[in-house]
Amino acid sequence: MAAEIVNPRSDERGSDTDGGMEGAPAEPFDPAFALHRGGKMAVQATVPVRDKDDLSLAYTPGVAKVCSAIAEQPELVHDYTWKSQVVAVVTDGTAVLGLGDIGPEASLPVMEGKAILFKQFGGVDAVPIALATTDADEIVETVVRLAPSFGGVNLEDISAPRCFEIERKLQERLDIPVFHDDQHGTAVVTLAALRNAARLTGRNLGDLRTVISGAGAAGVAIAKFLLAAGVGDVAVSDRKGIVSRDREDLTPVKRELAELTNKAGLSGSLESALAGADVFIGVSGGTVPEAAVASMAPGAFVFAMANPTPEIHPDIAHKYAAVVATGRSDFPNQINNVLAFPGIFAGALQVRASRITEGMKIAAADALADVVADELSADRVIPSPFDERVAPAVTAAVAAAARAEGVARR
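Residues numbered from 1 in each chain as written. Predicted model: local features only at pLDDT ≥ 70, side-chain atom pairs only at ≥ 80, totals over all residues. Heavy atoms only, no water.

J.: Summarise the overall build of the protein chain; cite the residues concerned and give the values.
T.: Within the protein chain, the regular secondary structure consists of 16 helices and 12 strands. Relative to the 2.2 N^0.38 estimate, which gives 22 Å for 410 residues, the radius of gyration of the protein chain is 23 Å and therefore close to what a compact globule would have. The dimensions of the protein chain, computed from C-alpha atoms along their principal axes, are 75 × 55 × 45 Å. Relative to its full complement of 410 residues, the protein chain shows a buried share of 51%. Looking at charge distribution, the protein chain has the averaged site of its 37 positive side-chain charges lying 4 Å from that of its 54 negative ones. (Helix = DSSP H or I, 4+ residues; strand = E, 2+ residues; numbered from the N terminus. Rg over C-alpha atoms; globule rule 2.2 N^0.38 Å. Buried < 20%, exposed > 50% of the residue type's maximum accessible area, 1.4 Å probe, protein only. Lys, Arg positive; Asp, Glu negative; His and termini not counted. Charge placed at Lys NZ, Arg CZ, Asp CG, Glu CD.)

Structure (structure tokens):
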């Protein structure tokens, strides 16, 4: 089976000008509504069913032989079903793409979009699964029961701090890759861009002091990942200021973060922490005053990734920074998760990995950075999502890392 992108104007899916079903409210005249009419994906057979012979092989009685073989040797499920080629994209709709807690039904357009990106950029089939519960244990139990049908689980748009608990529990209970893209995909692409920014300016990661605005899923994951990759120091700011050991209002996740980060012992506001900082990474929204940007070290890097409004507008950032990146497609250096997750899952599925390790994620970041290593400029520290070299490079690196780390089963 495969995800199929269907023309929304096709007669088979209904016209975008016919007003929809009788009695339904008229859709606004907007190309986004026209594109989404009837959904963005469908299921497509990979074998023909043209006559009784085809039917007898694809279904009964031929299918019984395959079922019996899998019952006797369960690992054959990877060879004779779609399991090792398909990912579940699971959400509860609580932290959807800048829209917040909009619920499972409203999250489906985003989950369908994620699924077609898996297919388009990584050749991986994916199935959107929006769950009508926000209880962490119920989500875990539901996904565990669905897992026999899938080769991997991509957690998506689940709010913090529940997302950390859900991912951890699923990783403990399942022997297939479980990956929360809002955390790790963002971290992988951020590290790749930071590696190239450092290369371009002749600096080492270990010399960089980084300030992250946002202590949610992405901020926490980026902080941990950058430290694992050798970045010198990382301080993280939430709504109340720098996450530090002397604060008494921290959640368990932030207490752990305080122990790992902020070697300089900073406290107080984000703005004060930016004085002399080499790197700003924004995953929070809000606005950083220009004076705080001006106080950063000469030749700083500004990765202001909030969408649609970056924490620091590129026009302001360019006054003071050597490299500027955003989360938007209309500015250079877009930090886009689509650069990472399709190749990461493709590599993991290719070798039937039991999980996605830190080493596999670092390999993905290194491979992504290397795609444009010979083409670096201030406006090109990260490839375009449409660079056809990206997915094969990330896939190969992740598969090799899985074998090296002993989590590959093929």
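Text resumes after the structure shown.
J.: Mind laying out the pairing of strand β5 (residues 152-155), listing which residues take part and the relevant values?
T.: Side chains Gly152 and Asn154 of β5 all project onto a buried face; the interleaved residues Val153 and Leu155 project onto the opposite face, where all are buried too. In terms of strand pairing, strand β3 (residues 86-91) meets β5 through four bridges, oriented parallel. Looking across to β5, one finds that Val87 is bridged to Gly152. Pairing between β5 and strand β6 (residues 178-180): three bridges, direction parallel. When the bridges of β6 are listed, Val153 appears paired with Val178. (Pairing = 2+ DSSP bridges.)

J.: Just give me the short version of a nonpolar patch on the surface, but keep the residues and values in it.
T.: Together, Val49, Leu55 and Tyr59 line one region of the surface with nonpolar side chains, adding up to about 330 Å² of accessible area. Mapped onto the elements of the fold, Tyr59 is located in the loop between α2 (52-58) and α3 (62-72). A relative accessible area of 57% means that Tyr59 is categorised as exposed. (Patch = residues over 30% accessible without salt bridge, like charges linked within 9 Å, V, L, I, M, F, W, Y side chains within 5 Å. Areas by Shrake-Rupley, 256 points an atom, 1.4 Å probe, with all protein chains shown as cover. Salt bridge = Lys/Arg side-chain N within 4 Å of Asp/Glu carboxyl O.)

J.: Describe the pattern of salt bridges, with residues and values.
T.: What the rule picks out here adds up to 29 salt bridges. Each of Asp238, Lys240, Arg247, Asp249 and Lys254 takes part in salt bridges that share partners, so that together they form one network.

J.: Give me the lowdown on unusual backbone geometry, citing residues and values where you can.
T.: Omega for the peptide link from Thr60 to Pro61 comes to 10 degrees, which places this bond in the cis form. Locating Pro61 in the fold gives a position in the loop between α2 and α3. The linkage connecting Ala160 with the following residue, Pro161, adopts the cis geometry, with an omega of 0 degrees. Mapped onto the elements, Pro161 comes out in the loop between β5 and α7 (162-173). The backbone of Asp157 shows a phi angle near 55 degrees, a positive value even though the residue is not glycine. Note on placement: Asp157 falls in the loop between β5 and α7.

J.: Please give an account of the nonpolar core that cites residues and values.
T.: Where a protein is soluble and globular, its nonpolar side chains tend to be buried together. Among the nonpolar cores identified, the biggest contains 103 residues, and Leu170, Leu174, Leu194, Phe303, Ile344 and Met360 are the most heavily contacted of them. Ignoring anything within four residues of it in the chain, the contact list for Phe303 reads Thr190, Ala193, Leu194, Ala197, Phe280, Ile281, Gly282, Val323 and Ala325. Counting residues in hydrophobic clusters, the runner-up holds 19 residues, among them Ala273, Leu274, Ala277 and Ala321. (Core = buried A, V, L, I, M, F, W, Y, C linked by side-chain atoms within 4.5 Å. Contact = heavy atoms within 4.5 Å.)

J.: Lay out the packing of aromatic side chains in plain terms, naming residues and giving numbers.
T.: Both the distance between ring centres and the angle between the ring planes are used here to describe each pair of aromatic rings. Tallying each qualifying case throughout the model produces four aromatic pairs. Three or more aromatic residues joined by ring pairs form one cluster here, namely Phe118, Phe179, Phe341 and Phe345. Lying over the aromatic face of Phe341, Lys114 brings its terminal NZ or CZ to 3.9 Å of the ring centre. (Phe/Tyr/Trp six-rings, centres within 6.5 Å; stacked < 30°, edge-to-face > 60°. Lys NZ or Arg CZ within 6 Å of the ring centre and 35° of its normal.)

J.: Summarise the environment of Asp246; cite the residues concerned and give the values.
T.: If you trace the backbone, Asp246 turns up in the loop between β9 (241-242) and α10 (252-260). Among the residues examined, Asp246 registers a relative accessible area of 56% and is labelled exposed.

J.: Lay out the sheet that holds β5 in plain terms, naming residues and giving numbers.
T.: Note: strands within a sheet are paired through backbone hydrogen bonds, in either parallel or antiparallel orientation. Within the open sheet, the four strands sit side by side as β4-β3-β5-β6. Their pairing is parallel. Two strands lie at the open edges of the sheet, namely β4 (125-130) and β6, each paired on one side alone. The average angle at which neighbouring strand axes cross in this sheet is 25 degrees, direction not considered. (Axes fitted to C-alpha atoms, helices over the stretch in contact; angles between N-to-C directions.)

J.: Run through the environment of Ala353, naming residues and quoting values.
T.: Within the fold, Ala353 resides in the loop between α14 (341-350) and α15 (358-371). Owing to a relative accessible area of 2%, Ala353 belongs among the buried residues under this scheme. Note: C-alpha distance between Ala353 and Glu141 (212 residues apart in sequence) is 22 Å. If near-sequence neighbours (up to four positions away) are discounted, Ala353 is found in contact with Asp175, Ile176, Pro177, Ala348, Met360, Ala402, Val407, Ala408 and Arg409.

J.: Can you explain the sheet that holds strand β12 (residues 321-326)? Please cite residues and give values.
T.: Spatially, the six strands line up as an open sheet ordered β9-β8-β7-β10-β11-β12, and their pairing is mixed. The sheet is open, and its two edges are formed by β9 and β12, each paired on a single side.

J.: Give a detailed account of the packing of helix α6 (residues 136-146) against α7, specifying residues and quantitative values.
T.: Their axes nearest at 10 Å, the elements α6 and α7 cross at an angle of 35 degrees. In this structure, α6 crosses over α7, and the sense of that crossing is right-handed. Listed contacts from α7 to Ala136, Asp137, Ile139, Val140, Glu141, Val143 and Val144 of α6 are Arg162, Glu165, Ile166, Lys169, Leu170 and Arg173. Classifying every residue of the contact of α6 with α7 by side-chain character gives seven nonpolar, no polar and six charged. (Left-handed = near helix turned anticlockwise from the far one by under 90°. Nonpolar A, V, L, I, M, F, W, Y, C, P; charged D, E, K, R; others polar.)

All quantities given are derived from atomic positions and should not be read as evidence of function.
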